[in-house]
Amino acid sequence: MSRAALGEGEPEGPGELRRPSLNSEERIAARRLRIAARLEAKRREALGEDPDAKKAEAEELSRSHQQIEESRQRLAKLLNDGTQLVTNIQVAADARETQRRAEEDELKRQRLEKLENESKTNQDKFEEITSKWGSAKEKTIPRDLWDVLNLQQQQCALLIEEKNKLISELQQELKSKDDQYVKDLKKQSDDINLLVERMEEQIRNLMKTYRRELTQIEKAFELERRELLSSNKKKWEQAMQAHNAQELANLITRMQKVEEYEKQLNQLRVQDAEEYTTIKIQLENDVQILEQQLQQMKAIYQLNQEKLEYNFQVLKKRDDENTIIKSQQKRKLNRLHDVLNALRMKLAKQIKQFQEENQTLTADYKRIVEQYKDLQRTMRHFAVIDAQKFLELWLMNEEEAKGLAWKALKADRVIHTQQLGLPWVEPDSWFLDNVGPIVHRKAIRSASKLAQEVMALTESSQQEEEEEEGVEGGRKEAEAEAGEEVKPPRHISVKSVKHILELLCDESVSPSLPAPTAEGSVSALRRAGPPQNSFLDLRIVFFS
Amino acid sequence: MQEPVSGDTNMASPPLKTSVVNPAANPRRMRRIIAEDPEWSLAIVPHLSELCLQHIVSNFEKNPVVDRLLPEHQRKVLDRISTGLPLTVTANLISDEGYWKRCCTERWAVCDVSRYGGSWKRMFFERHLESILKYFIPNTTDPNQVLEVIPLCKEYVRKLEIDQFLPPVKLDQNKEEDDMSDSGSDVGVDEFCMHHYDLGVLTAALSHLEELHLTYGVKDCGMNFEWSLFDFTYQDCCSLANAFKKCHALKVFKLCRSKVDDEKTRVLIRNLLDHPCLVELDLSHNLIRDRGARAIGKLINRSKLEILNLCNNRIRAPGAQAIAHALGKNSTLTSLNLRINCIEDEGGQAIGHALLTNATLTSIHLGGNELSEPTATLFSQVLAQNTALTSINLACNHIGLDGGKQLLEGMSDNKTVTEFDLRLAEVGQESEYLINQALKANQEIARLKTLYQPNSLEEKSPDLD
């Protein structure tokens, strides 16, 4: 139906798509309602709500909203329709284009087919002609040749005619296409003009309807406003009246209440006055008692206060003293610390010093011991030499003296005999027989001999004494004091001396032997062997 | 006192101008005369500041002083400087929209600033650059003309709509052949190469370029029409493809009515693959066939394309199948326009299958594609399952009554489609009407969803009637 309206020759251009007859409109309207009802029922079922309630709700929508909805719908429909109208032109053009393309393709295909057929048939004919050339060349008779050539010419002419016909056909088509193109161009320009017209019309319509709808909406709002205003005013009046009545009623009740309350108040006042007086008396008594108590408390408080103050003063004083003492003590402490530190330092210094001294002294001691030993040695040596010398001198001098004495004695004898005629008694001339020094005869004994005697003789104290002497003498051999007998200290018994000697022996002989041998090897040897062994060791000790 | 002074106002417009906003507001300076011309002033000798400003305005070219002025003086200077000042002076100095508005309205009759993001400066520079490029004749015009303008306008140009590219002027045949050998192209068939302006330099320099609308054709050629004027040569295609590589901010690219065929499409697409921000591609009214469509299918999945317009090309069923195959795996494309191709039922069904799985496409236009009932059957399934589509256009196909009924069934299950165009699809008035009803219901749902987010059900019922 609508497609038919789109014929090319239509003067109004591509047709109005919606121009149904009244009948169809009615039918459509009826269908519309049915379908709408069906859809709505379906939807409501789907929502599962009471349809009546919805209706009620819908009616409550205010007039202005309704108006807005209506306007919106109207405008949307108008816009839609207008746009449709405008785009119809484009759609029609698209349809035309697709149709044209389809036709074009068809025509092209046909043309191509035709051309192919033509070329095929003409190719055959041409081949026929060319094949005849060969046979024509063979003809010798000119008449035959002329016939053949004529035939060829005719056929060629035919061929060319056909080609020309084809060419003219194609040119015709080209011309018709050009015309078509011009027509299409014109149509398109008409279309564009129509489009522009429709667009302008639509815009005008839209503007007009928008304005109209706007005024409608404004009116609706205005109406609504007035209605609201009047209804509100009425409500207000009603409310005011009700309010007034209410106020009056309230006032009356109020008055009644006021009277009632006054009565109550009076009653209460009387009651309260009585209560008040009784309570007042009670309270005054209480007050007096309390005041007395207060006075007492004040006195106690005062006393306590003074006591506390006194204590406080005492404590403060003590505190001060304490602080003073503390500070003093601290100072003392510091001082003592200082002293202590100084002493410590001094001690350390002294220790160091003494150590050094000790070291030097030990060194000195050692040195001196060495020297002493040397000295002793030299002394011994010199003693020996001196003794020898003394002996020699003594002998010499004794010889001399003896000589002189002999001379003298001789002289004396002579004198006596010759001169005096007396008998000569020879004096005691013991000294003439003396050889060697007189004093030291029994004193010189070596230390070793002495030690020997010590070891051998342990019973007699006399001999102990002697040995002690001898020991001492042995020790002091270096002293060139002739004839001096040193008395050893008597409190040392022979046994202890022996023990000492043994220890000495042990110590010097066996310094490398381990300490646990409490009894020295010497004592062991002594027990084991004859005393000579210890004596030997002693000798070693003394001469080492 | 009043007359002689009013006589003065009737004389020639005084060059004396002081800006007095509301003289009555300041009683100290209030005059007894309040002229209707706000620029009229009693003072005969202008203020020194006025003279300075006049001097600045007249010598603006040599000594552009704007920044160091007070705002009110700045305003006056900007309102008065000539719109004919050279761009080298004004481009980077003046950013006042009023001045640029004056420049635009003086130069062009029709100015719709909303198409340029509300910025007059941007409009001026874009249209200026467009006009230079539109009248650029490749071997005649000095390329420096363009190169000079680039540094002045590169901050402001975001969109270029060049709807004509002039070919080089045909001189001697010999000369052209020399040129041809110089440029080193091997166009076998053409006698001379009509290479248009190479956009590579431009796109590399304009770093903010986001939209590019090109048409390789000539307007107003009148009786000098020749088919060769409308050629989009292979060389042009290659240089354009290279230009893409340098243009990193390109979001919208439209190349319409330029006789782009499969080969050229493939060259272009090769350089558009994985472009970081291309969002809209429009190759409508060209000569793209199935191979080109396959390349485009590949591009769909390897870029961020959201809007694809391929209307009025020569894509047939295989091409549509390639695009459908890409669509099935795609999740960025939102709008696909295959109007007036010839994809037929096979292609239509392939796209239907793709739509069963695709969940991002919202608008599809398959008008004028020789689709018929099988496609409609499949689409009814799509309607029942797909919840992303909102706008479908199957106008000018041969869907027929049965197809219409099937689509109606599908629509009854669908709650998201708000536009379904079935004009001239022979579906019958009843089906069309009922589908419209379903659409209206869906439109209500969509509207309410945007208005009242929490409760969308209660208000619906009074609207159904």
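Model, not experiment: these values are computed from the prediction.

### Re the packing of helix H3 (residues 63–138) of chain A against helix H4 (residues 142–419) of chain A
Residue and element names in this part refer to chain A.
In step 1: Contact geometry of H3 with H4 gives a least axis separation of 9 Å together with a crossing angle of 175 degrees. By the angle between their axes, H3 is roughly antiparallel relative to H4.
In step 2: Across the contact of H3 with H4, the residue classes break down as 30 nonpolar, 14 polar and 23 charged.

### Quick notes on the confidence of the model for chain B
Residue and element names in this part refer to chain B.
In step 1: Averaged over every residue, the pLDDT of chain B is 80; residues scoring 70 or more account for 85%.
In step 2: Of all helices and strands in chain B, the one with the weakest mean pLDDT is helix H8 (residues 173–183) (39), whereas strand E5 (residues 307–309) scores best (93).
In step 3: Contacts for the low-pLDDT stretch residues 1–13, under 50 throughout, to residues beyond four places or in other chains number 4 contacts.
In step 4: This model gives residues 172–192 a pLDDT under 50, and the stretch forms 17 contacts once residues within four places in sequence are excluded.
In step 5: Under the prediction, the complex receives an ipTM of 0.70, its pTM being 0.56.

### Overview of the sheet that holds E5 of chain B
Residue and element names in this part refer to chain B.
In step 1: Strand order in the open sheet made by the 9 strands is E1-E2-E3-E4-E5-E6-E7-E8-E9, with parallel pairing throughout. Of all strands in the sheet, those bounded by a partner on one side alone are strand E1 (159–162) and strand E9 (419–421). Neighbour-to-neighbour, the strand axes of this sheet turn through a mean angle of 0 degrees, independent of strand direction.
In step 2: Across 3 bridges, strand E4 (residues 280–282) lies against E5 in parallel orientation. Bridging from a neighbouring strand, Glu-280 pairs with Ile-307 of E5.

### A closer look at the state of the cysteines
All names here are of chain B.
In step 1: Inspection of the entire model under this criterion finds 0 disulfides over all chains.
In step 2: Among the cysteines around Cys-237, which has no disulfide bond, Cys-238 carries the closest sulfur, lying 5.8 Å off.
In step 3: Considering cysteine sulfurs only, Cys-256 is the nearest to Cys-311, which forms no disulfide, with 7.7 Å between them.
In step 4: Judged by relative accessible area, which is 3%, Cys-311 ranks as buried.

### As for unusual backbone geometry
All names here are of chain B.
In step 1: Of note, Asn-312 is a non-glycine position whose phi angle comes to about 60 degrees, a positive value.
In step 2: Here Asn-312 lies in the loop between E5 and helix H13 (317–328).
In step 3: In this structure, Glu-370 is a non-glycine residue whose phi angle is positive, near 60 degrees.
In step 4: Its place among the elements puts Glu-370 in the loop between strand E7 (363–365) and helix H15 (373–385).
In step 5: Overall, Glu-370 belongs to the partly exposed group, its relative accessible area being 24%.

### Thoughts on the confidence of the model for chain A
In step 1: Confidence along chain A averages 79 in pLDDT terms, with 74% of residues attaining 70 or more.
In step 2: pLDDT under 50 marks residues 1–19 of chain A. Its contacts with residues more than four places away, or in other chains, come to 29 contacts.

### What about the packing of helix H5 (residues 97–107) of chain B against helix H6 (residues 120–134) of chain B?
Any two packed helices are characterised by the angle at which their axes cross and by the distance between the axes.
Residues and elements named next belong to chain B.
In step 1: Contact geometry for H5 and H6: axes closest at 8 Å, N-to-C directions at 40 degrees. Judged by the angle between their axes, H5 and H6 are oblique. As for the relative orientation of H5 and H6, their crossing is left-handed in sense. For the pair H5 and H6, the contacting residues are Glu-97, Trp-100, Lys-101, Cys-103, Cys-104, Thr-105 and Arg-107 in the first and Trp-120, Lys-121, Met-123, Phe-124, Phe-125, His-128 and Ser-131 in the second.
In step 2: Taken together, the residues of the contact of H5 with H6 sort by class into 7 nonpolar, 3 polar and 4 charged.

About the criteria used
Along each chain, residue indices are assigned from 1 in the same order as the chain's sequence is written. Numbering of ligands from 1 and lettering of chains from A proceed in the order in which they are written. In keeping with the predicted nature of the model, local features appear solely for residues at pLDDT of at least 70, side-chain atom pairs appear and are counted solely at 80 or more, and the whole-chain, interface and lining totals rest on all residues. Heavy atoms from the whole structure form the basis of all side-chain values; hydrogens and water molecules are not counted. Each axis is a line fitted through C-alpha atoms, and for a helix only the stretch in contact is used; angles between axes span 0 to 180 degrees, taken between their N-to-C directions. We count a stretch as a helix when DSSP gives it H or I for four or more residues in a row; a strand needs E for two or more, and each element gets its number in order from the N terminus. We call two directions roughly parallel when the angle between them is under 35 degrees, roughly antiparallel when it is over 145, roughly perpendicular when it lies between 65 and 115, and oblique otherwise. Gly falls in the polar group here, along with every residue not listed as nonpolar (Ala, Val, Leu, Ile, Met, Phe, Trp, Tyr, Cys, Pro) or charged (Asp, Glu, Lys, Arg). pLDDT is a per-residue confidence score from the predictor, ranging from 0 to 100. Whether two residues are in contact is decided by their heavy atoms: any pair within 4.5 Å suffices. Note: two strands are recorded as paired if DSSP finds a minimum of 2 bridges between them. Only a pair of cysteine sulfur atoms within 2.5 Å counts as a disulfide in this structure description. For each residue, the accessible area found with a 1.4 Å probe, counting protein chains only, is set against the maximum for its type, and the residue is called buried under 20%, exposed over 50%, and partly exposed in between. If you view the pair so one helix is near and one far, a crossing is left-handed when the near helix is turned anticlockwise from the far one by less than a right angle, and right-handed when it is turned clockwise.

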